[in-house]
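Remarks on the overall topology
One letter stands for each residue in the lines below.
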Amino acid sequence: MEFRDFYLSFCNHLNNVGIYEREKELELLLIGLFTSENVLLVGPPGTGKTMLVREFSKVFDFNFFSYQLNKYTEYQEVFGPFDLNKFKEGILERVSRIQHAEIVYLDEVFRGSSAILNSLLSLFRERVIFDGYKEYKCKMIFAVGSSNFLPDKSYENEAFLDRFVLIRNLKPISVDGVIKAFKHNSSSSFNVSKSDFENLKSLVFEVLDELKKDDSFEKIYKDSVFYLRTYAGLSDRSLISLPKFLAVVSLILEVKDYPYLFYYLIHNFLNYKDFKVFEFLYSEDMKKVSSLMSKLGKLSLRDKAGAFTLIEEVKSILVKLNNPLDLELSKIIAKDLEVYEKDLKGF
């Protein structure tokens, strides 16, 4: 099975069970699953976070654990009560709950008590749980957290927030998506066996091996480390994982253009939108456009002639762009130019 075909079949399956316009969220979950990296879905109530994760988990032959946290959630609800039969024998051992899960989903993940979140720290990173004197080695492949909000940097349990490198903000689906969901009446069956999963995972490792030998990738990877550390504050652990994420994205999109892949990953799944983060990816033409847009932003609206001259200069460069990343960025810039022109005409 080719990875792209697998992804497209998965998208079709989600549509058939009534989940629309969640392709990017599916990509996030696939990156997490095939790199064993935890992911976070952030969005208002009713955007289908739980439904998406449950349908995702049904496709794979893995043990699934799901729970909604709140400040009153007790330790045993997540980690299991003590086994009474073993307790009678003088053995303190819990009835397994989260310990045997391979895919873990925690809804309202930041509302759990400090005691529970602290206990999850080792599970989310080292895949072990420390329970008094006993250490439980867990089977978890990756965890999915969901929340209605993303804590800011002052969040008291910053170490727990750091366990989620891959983040996606969900927006409500379009009007067309709502109508499709309303009219939906089909069903679907789509399953991936453990052997199929391992075959797909081997494709990821093949791409990763290619990246390790590619000098052109190493150059742009070095630049990304500097920019993402300087302007986005990414940790060493996150930076080391970047090539793994890129390998999955490359297979999903069937694209090998490194600047575009880095942009796609950072923009969609690392939760960074500031264009300063992307400067290391710019072509020479895009650097010129960036400089002109900066000048345009500093001009007074009264200097209409100067502003329109800059706008035309930017447009003349945009029409010549042809690489994937430049074309993607040009769409955003074209929208910005429309806003500038409306402001100028209305002034």
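Residues numbered from 1 in each chain as written. Predicted model: local features only at pLDDT ≥ 70, side-chain atom pairs only at ≥ 80, totals over all residues. Heavy atoms only, no water.

Re a nonpolar patch on the surface
- On the surface, Val175, Val178 and Ile179 cluster together into a nonpolar patch covering about 270 Å² of accessible area.
- Within the secondary structure, Val175 is located in helix 8 (residues 175-183). (Patch = residues over 30% accessible without salt bridge, like charges linked within 9 Å, V, L, I, M, F, W, Y side chains within 5 Å. Areas by Shrake-Rupley, 256 points an atom, 1.4 Å probe, with all protein chains shown as cover. Salt bridge = Lys/Arg side-chain N within 4 Å of Asp/Glu carboxyl O. Helix = DSSP H or I, 4+ residues; strand = E, 2+ residues; numbered from the N terminus.)

Some points on the packing of helix 14 (residues 304-318) against helix 15 (residues 324-346)
- Two elements in contact, helix 14 and helix 15, have axes separated by 11 Å at closest approach and are oriented at 160 degrees. By the criterion of interaxial angle, the relationship of helix 14 to helix 15 is roughly antiparallel. Note that helix 14 runs across helix 15; the crossing there is left-handed. Residues Lys304, Ala307, Phe308, Ile311, Val314, Lys315 and Leu318 of helix 14 lie in contact with helix 15, whose contacting residues are Ser330, Ile333, Leu337, Tyr340, Glu341, Leu344 and Lys345.
- When its residues are assigned to classes, the contact of helix 14 with helix 15 shows nine nonpolar, one polar and four charged. (Axes fitted to C-alpha atoms, helices over the stretch in contact; angles between N-to-C directions. Parallel < 35°, antiparallel > 145°, perpendicular 65-115°, else oblique. Left-handed = near helix turned anticlockwise from the far one by under 90°. Contact = heavy atoms within 4.5 Å. Nonpolar A, V, L, I, M, F, W, Y, C, P; charged D, E, K, R; others polar.)

Re the sheet that holds strand 7 (residues 166-169)
- Within the open sheet, the five strands sit side by side as 2-3-6-1-7. Their pairing is parallel. Both outer strands of the open sheet, strand 2 (64-68) and strand 7, are each paired with one neighbouring strand and no more. Strand-to-strand twist across the sheet, computed as the mean angle between neighbouring axes with direction ignored, equals 15 degrees.
- Where strand 2 lies against strand 3 (residues 103-107), five bridges are found, and the strand directions are parallel. For Gln68, the partnering residue across the bridge sits in strand 3 and is Asp107.
- The sheet contacts of helix 3 (residues 49-59) involve strand 1 (39-42), strand 2, strand 3 and strand 6 (142-147), and relative to strand 3 the element is tilted by about 170 degrees. (Pairing = 2+ DSSP bridges.)

Observations concerning the pairing of strand 3
- Counting buried residues along strand 3, five of its five residues qualify, which places the element largely inside the surrounding structure.
- Sheet topology note: the strand 3/strand 6 ladder contains five bridges and is parallel. Bridge pairing in strand 6 links Asp107 to Ser146. (Buried < 20%, exposed > 50% of the residue type's maximum accessible area, 1.4 Å probe, protein only.)

Brief notes about the packing of aromatic side chains
- Summed over the entire model, instances satisfying the criterion amount to 33 aromatic pairs.
- Taken together, a centroid distance of 6.2 Å and an interplanar angle of 75 degrees make the contact between Phe110 and Phe164 edge-to-face. With a gap of 54 residues between them, Phe110 in the loop between strand 3 and helix 6 (114-126) and Phe164 in the loop between helix 7 (158-161) and strand 7 connect regions that are remote in the sequence. We note that Phe110, like Phe164, is buried.
- Here the aromatic rings of Phe226 and Tyr227 are separated by 5.5 Å at their centres, their planes lie at 85 degrees, and the arrangement is edge-to-face.
- Through a chain of ring-to-ring contacts, three or more aromatic side chains come together here, namely Phe3, Phe6, Phe10, Phe34, Phe56, Phe60, Phe62, Phe142, Phe190 and Phe197. (Phe/Tyr/Trp six-rings, centres within 6.5 Å; stacked < 30°, edge-to-face > 60°.)

This is a description of form; function is not addressed.
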